[in-house]
Amino acid sequence: MAAGAFQWFFQRKSQVNAGYLLDSVQEAGQEEARNRRQEQIIREEEEKTQAGRVFGLDFMITHGSAFGGCAATLQDGSFRRGLVPLDQIMMYGRQPSGKDFTYYIEDQDLMVCACDEKDALLVKADSLPFEIREAGLSRDQGVSVKSALIRKDVLYYIILESHHEISIRASGRC
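Rules of the game
- Residues numbered from 1 in each chain as written.
- Predicted model: local features only at pLDDT ≥ 70, side-chain atom pairs only at ≥ 80, totals over all residues.
- Heavy atoms only, no water.
- Phe/Tyr/Trp six-rings, centres within 6.5 Å; stacked < 30°, edge-to-face > 60°.
- Helix = DSSP H or I, 4+ residues; strand = E, 2+ residues; numbered from the N terminus.
- Buried < 20%, exposed > 50% of the residue type's maximum accessible area, 1.4 Å probe, protein only.
- Pairing = 2+ DSSP bridges.
- Axes fitted to C-alpha atoms, helices over the stretch in contact; angles between N-to-C directions.

(A) Inspection of the packing of aromatic side chains at higher detail. Scanning the model with the defined rule gives 2 aromatic pairs in all. Ring centres of Phe67 and Tyr92 lie 6.3 Å apart, and the angle between their planes is 45°; on these two criteria the pair is classed as tilted. One end of the pair, Phe67, is in strand 2 (residues 66–70); the other, Tyr92, is in strand 4 (residues 90–94), and 25 residues separate them in sequence. A centroid spacing of 6.0 Å and a plane angle of 15° characterise the contact between Phe101 and Tyr103, whose relative ring orientation is stacked.

(B) Structural detail: the pairing of strand 1 (residues 57–63). When you tally the buried positions in strand 1, you get 5 out of 7 residues, the bulk of the element. The pairing of strand 1 with strand 12 (residues 165–172) spans 6 bridges and is classified as antiparallel. Residue pairing across strands places Ile61 opposite Ile168, the latter belonging to strand 12. Sheet analysis places strand 1 next to strand 2, joined by 5 bridges and oriented antiparallel. Note that in strand 2 the partner of Thr62 across the bridge is Phe67. Between the antiparallel neighbours strand 1 and strand 2 lie 2 residues, among them Gly64 with a positive phi of about 65°.

(C) A look at the sheet that holds strand 6 (residues 110–113). Strand order across the open sheet formed by 4 strands is 3-6-7-10, with antiparallel pairing between neighbours. In the strand order of this sheet, the two ends are held by strand 3 (83–85) and strand 10 (147–151), each with one partner. The average undirected angle you get between the axes of adjacent strands in this sheet is 25°. As judged from the 5 bridges shared by strand 7 (residues 120–125) and strand 10, these two strands associate in the antiparallel manner. What sits directly across from Ala120, in strand 10, is Arg151.

(D) The environment of Thr73, seen in detail. Among the structural elements, Thr73 can be located in the loop between strand 2 and strand 3. For the pair formed by Thr73 and Leu57, sequence separation is 16 residues and the distance between their alpha carbons is 8.9 Å.

Spelled out as structure tokens, the structure:
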């Protein structure tokens with residue numbers, strides 16, 4: 001009988017410990033779900049705010065010998081609003097042989113966004129930070145950020161995840 005009581009005591013202790021472990025795992029899962037919901041709410045609020053902002057500047061991107069850009073004025077004469085994902089900008093270039101080529105800079109979560117400031121655009125990333133620096137600074141002087149203001153007529157360099165470097169310059173509306 002003593003052996004049975006001894007066995008019951010240790011089984012009960014392990015069951016209680018397993019219960020505590022299960023409770024803590026459930027709490028961690030619930031906390032993670034709350035954090036995801038909170039991030040989703042914040043992202044939706046930012047998207048609503050961003051949708052009403054108007055682009056005040058055009059911008060041009062260069063990558064090696066290729067270039068691409070986006071005008072603030074649409075074909076119908078209205079102004080662009082919201083944001084432009086980097087992977088939606090077609091890049092144009094010409095090889096030394098004279099052959100033209102086009103491509104998109106893919107797999108980047110970077111976006112160029114309209115900004116409340118008249119002479120600036122916002123470059124932001126959804127998940128991973130990116131490295132940016134002003135022209136004139138060396139490669140190791142870049143700053144890792146999740147969002148950065150691009151001022152009018154200032155050349156900036158953005159280092160992509162692939163360690164390629166693109167330049168971006170905002171200019172007045174055409």
